[in-house]
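# Chains, contacts and geometry: an overview
What follows is the residue order along each chain.
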There are 2 protein chains.
Amino acid sequence: MQLTTDPVPDPASDYLIAPDPTAARLTRRVAGHDEHGQPVEIAVVEERPLTIFLNSREIVTAMTIGDYPDYLALGFLKNQGMLSGADDVVGVDYDEDIDTVVVRTASQTTYEEKLEKKTRTSGCAVGTVFGDMMEGLEGLTLPATPVRSSWLYALAHKINRTPSLYLEAGAIHGTVLCQGDRPLVYMEDVGRHNAVDKVAGWMLAEGIDPADKILYTTGRLTSEMVIKTAQMGIPTLASRSGFTAWGVEIAQEVGLTLIGRMKGQRFTCLSGEDRLIRDMDPAHAPREDKKHRRKGGEG
Amino acid sequence: MQLTTDPVPDPASDYLIAPDPTAARLTRRVAGHDEHGQPVEIAVVEERPLTIFLNSREIVTAMTIGDYPDYLALGFLKNQGMLSGADDVVGVDYDEDIDTVVVRTASQTTYEEKLEKKTRTSGCAVGTVFGDMMEGLEGLTLPATPVRSSWLYALAHKINRTPSLYLEAGAIHGTVLCQGDRPLVYMEDVGRHNAVDKVAGWMLAEGIDPADKILYTTGRLTSEMVIKTAQMGIPTLASRSGFTAWGVEIAQEVGLTLIGRMKGQRFTCLSGEDRLIRDMDPAHAPREDKKHRRKGGEG
C-alpha cells in the first residue's frame, strides 16, 4: 500500500535532521504482481551492507538503508562500549564504493585492549558483546527528569505527520531524539537498532547533553532497546509498540521513564510514574487520522 | 490491548508444534499506569538470555522467550554456517539454571577450523558471520516447487486464528513451517530470527526435507530473512509485512518464490510468479476478522 502525505504546516521545519523520503539512493521501485496477477510497481527501501572498522580492525557488517554512515558507525561503536566518550576520535572516513566506514582514534581504544586479552583466552569476542552491554549499566542511575504527557502527545502527533520513508515505502523503523515537545533528529533504518545508533552517533559528534532528552521509537521496547537508551544517558523512552518483561525490569532498575503502546490518546507508563506530569486530559490529545496511523512498527 | 480468542474448530490440532500461550514461563503480568493514571496489569512476553556453545566454544548470547532452547541453538548454528548437515551432532545439553545450551559434535566442525585460521590472521571472527552467510548462497538454486494461491490464503487464515503468544501478549514474531495448506510447526520469539532458527533446528533434528515446504513469517522480508530461508532449502517465503529491495533481489537470484504484504485478500508476488498457481479468486479468500488481524508485525 502506498501512502502519500498531504501538505502539512511543514512539521519538518522544527527538525535539525528530518527524514528525506525523496532521496533517490534510499528507495527503489520493485516490480511484482498483485493478488489478481496484475503487474505492480512498489517503492521499496534499499538495504545495503556497511562494514564498520575501528582503526585497522573490522568490527561488523551492518545492513542499513545507507544514510548517515558516519553517525551509524560512531553510534554503533559507542553503544557497544567499544568507544568511550573519552576516546579521541580523530576521523570518520566513509568509502561509498566499498561500503566501508573507518572510525579512527588517536590512541588504542579500551575495546582493542579488551579484545586482545579476550583473544588470548578464548580466541574470539563474539560472545562478549552482550556482556559488555550489561557491564555499562552497573551502578547507572539516570537523572530524574520530569516528562509532561502533553509533550508525549505533541511529539507523537508531529512525528506521525512528518514525511518519512515509512510513509513512502514502509518496512522501516524510526527513532527520534526529542526535547520537550520538539522532535530534533529523526533517523530511519531497516534495523531499529541502526536508527538508534545513528541518533547516538549524532549526539556523540555534536556533544549533546542527554539529560533533558526523550527518545521516541516505533519499535518494541525490548531489553536491548532499554539498555541502549540508558547507556546513552537519555532518561525517557517512548514507543508506539509493546514491551517485554525484561525491558520493563531494566527500565525500573536504572530509573528510565518507559512509555509503551502510545497510540492516539492511549499509552501505558511502565516505569517512572512519579516523574510523569499528567498535564493534559487524554480526551484533548490530538487525534491520529487514519492516513498517518502507523501499524505499530514494521516487523 | 489484550486479545482473547474465541473457541475455534481447533486449528492447533493440525500442528506438529503449536504455540503454547498458556505456558507460565513465557509471559509475566507487568504493572503500569494507563493514560488516565489508572493502574493496569498487562501480560507481557518474557525475554531471557541464552548463551549458545559449540563444543567448548562460547558462540553468542541470544535474547529469547525461552522455549525450545535446543532447536534455537541447533538452528542458529546451522543458519550461521557453523554447523553443516554433515556434522555429527552427538548431543544438545540445555542447563536452565545458567541459561546455556551446549551443542556437541563428534568431531571438530568446519566453523572451528575456519575460526582458528581467522584468529591467526585478524584475532576475531565478529566480521565473518555476514560473509559466511553470503558464502552459502553461491551457486544455490532452489527447487522450482509450485505454490497455489489457495494454500497461501488457507495458511494465513489458519495461522491468524491459532492461539498464540502474539494474540495473548503481542510484541512477538511468529514463523511457521508449512506444507501445502497445512501449517506444521509454529514458533514465536521476541526476535524474528530466533523464531526462524527454532524452525531450522527442528528441521535439522527431525531430518525434514525442505523442498516442498513454505515458510510463513510475520516479519519483514529483509535480505537476512531471505538468505536464511534459501540456506534452509525452503523454496517459498511468505509474509504479512513489507520487503526490502535487496531481499527481493536475492530471492530472484536463488529462485525463491517471495510473497509479501499478505493481508486478507491481498498479496504481492515479488519473485517466482511463474511458479505461483493462481487457483483461487481473491474474492473467495477467507476474510480476516478484525479480532485476529495482526498489525503487520510488531516492531
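This text follows the structure it describes.
Residues numbered from 1 in each chain as written. Chains lettered and ligands numbered in written order. Predicted model: local features only at pLDDT ≥ 70, side-chain atom pairs only at ≥ 80, totals over all residues. Heavy atoms only, no water.

Moving on, we get to the overall build of chain A. Counting its regular elements, chain A contains eight helices and 14 strands. Classification of the 299 residues of chain A by burial places 60% in the buried group. Surface exposure of chain A reaches about 11,300 Å², of which carbon and sulfur atoms provide 50%. (Helix = DSSP H or I, 4+ residues; strand = E, 2+ residues; numbered from the N terminus. Buried < 20%, exposed > 50% of the residue type's maximum accessible area, 1.4 Å probe, protein only. Areas by Shrake-Rupley, 256 points an atom, 1.4 Å probe, with all protein chains shown as cover.)

Let's shift gears to the sheet that holds strand β9 (residues 182-189) of chain B. Read across the open sheet, the eight strands follow the order β2(A)-β1(A)-β13(B)-β12(B)-β11(B)-β10(B)-β8(B)-β9(B); overall the sheet is mixed. Looking at strand neighbours, the two that pair on one side only are β2 (39-45) of chain A together with β9 of chain B, the edges of this open sheet. Averaged over all pairs of adjacent strands, the angle between their axes in this sheet comes to 30°, without regard to strand direction. Bridge analysis of strand β8 (residues 173-179) of chain B against β9 of chain B gives seven bridges, and the strand direction is antiparallel. Bridging across to β9 of chain B, histidine 173 of chain B finds its partner in aspartate 189 of chain B. Sheet contacts for helix α7 (residues 223-231) of chain B: β10 (213-217), β11 (236-239) and β12 (257-263) of chain B; angle to β11 of chain B, the most-contacted strand, approximately 145°. (Pairing = 2+ DSSP bridges. Axes fitted to C-alpha atoms, helices over the stretch in contact; angles between N-to-C directions. Contact = heavy atoms within 4.5 Å.)

Here the focus is the pairing of strand β2 (residues 39-45) of chain B. Residues and elements named next belong to chain B. As paired elements, strand β1 (residues 27-34) and β2 share seven bridges and run antiparallel to each other. When the bridges of β2 are listed, alanine 31 appears paired with glutamate 41. Where β1 hands over to β2, the hairpin turn is made up of four residues, of which glycine 37 adopts a positive phi near 85°.

This brings us to the packing of aromatic side chains. Residue and element names in this part refer to chain A. Counted under the stated rule, the structure contains six aromatic pairs over all chains. Both rings, one in tyrosine 15 and one in tyrosine 186, keep their centres 6.1 Å apart while their planes meet at 40°; by these two values the pair is tilted. With a gap of 171 residues between them, tyrosine 15 in the segment before β1 (27-34) and tyrosine 186 in strand β9 (residues 182-189) connect regions that are remote in the sequence. Taken as a pair, tyrosine 15 and tyrosine 186 share a single burial class, namely buried. (Phe/Tyr/Trp six-rings, centres within 6.5 Å; stacked < 30°, edge-to-face > 60°.)

Our next topic: the state of the cysteines. For the structure shown, the criterion picks out zero disulfides over all chains. This cysteine, cysteine 178 of chain A, is not joined by any disulfide, and cysteine 269 of chain A carries the nearest cysteine sulfur, 17 Å off. (Disulfide = S-S within 2.5 Å.)

The next point concerns the packing of helix α1 (residues 69-79) of chain A against helix α6 (residues 192-206) of chain A. Residues and elements named next belong to chain A. With their axes 6 Å apart at the nearest point, α1 and α6 run at an angle of 95° to one another. Judged by the inter-axis angle, α1 sits roughly perpendicular to α6. Residue-level inspection shows Tyr71, Leu72, Leu74, Gly75, Phe76, Lys78 and Asn79 of α1 in contact with α6, the latter providing Asn194, Val196, Asp197, Lys198, Ala200, Gly201, Trp202, Leu204, Ala205 and Glu206. Along the lines of polarity and charge, the residues of the contact of α1 with α6 split into nine nonpolar, four polar and four charged. (Parallel < 35°, antiparallel > 145°, perpendicular 65-115°, else oblique. Nonpolar A, V, L, I, M, F, W, Y, C, P; charged D, E, K, R; others polar.)

Our focus in this paragraph is the pairing of strand β6 (residues 100-105) of chain A. All names here are of chain A. Buried residues dominate β6, accounting for five of its six residues. Sheet topology places strand β3 (residues 48-54) next to β6; four bridges connect them, and they run parallel. Note on β6: the bridge partner recorded for phenylalanine 53 is valine 102. The pairing of strand β5 (residues 89-95) with β6 spans six bridges and is classified as antiparallel. The residue bridging aspartate 95 from the neighbouring strand is threonine 100, located in β6. The hairpin formed by β5 and β6 contains four residues between the paired strands, and aspartate 99 there has a positive phi angle of roughly 50°.

Let's shift gears to helix α4 (residues 149-161) of chain B. For α4 of chain B, which comprises 13 residues, the first-to-last C-alpha distance of 19 Å matches the rise-based estimate of 18 Å (1.5 Å per residue) to within 8%. For α4 of chain B, the full list of buried residues reads Ser149, Ser150, Leu152, Tyr153, Ala154, Leu155, Ala156, Ile159 and Asn160 of chain B. (Expected span 1.5 Å × (residues − 1).)

The pairing of strands in a sheet comes from backbone hydrogen bonds and takes either a parallel or an antiparallel form. The strand order across the open sheet built from eight strands is β9(A)-β8(A)-β10(A)-β11(A)-β12(A)-β13(A)-β1(B)-β2(B), with neighbouring strands paired in mixed fashion. Each edge of the open sheet is held by one strand with a lone partner, namely β9 of chain A together with β2 of chain B. The mean inter-strand angle of the sheet, taken between neighbouring strand axes irrespective of direction, is 30°. Sheet topology places strand β12 (residues 257-263) of chain A next to strand β13 (residues 266-271) of chain A; four bridges connect them, and they run antiparallel. Looking at β13 of chain A, one finds that isoleucine 259 of chain A is bridged to cysteine 269 of chain A.

For any two helices packed against each other, the geometry is given by the interaxial angle and the distance between the axes. Residues and elements named next belong to chain B. At a minimum axis distance of 11 Å, the contact between helix α6 (residues 192-206) and α7 shows a crossing angle of 0°. Considering the angle they form, α6 stands roughly parallel to α7. Across from Arg192, His193, Val196 and Asp197 in α6, the residues of α7 making contact are Glu224, Met225 and Lys228. Looking at the contact of α6 with α7 residue by residue, the classes come out as two nonpolar, one polar and four charged.

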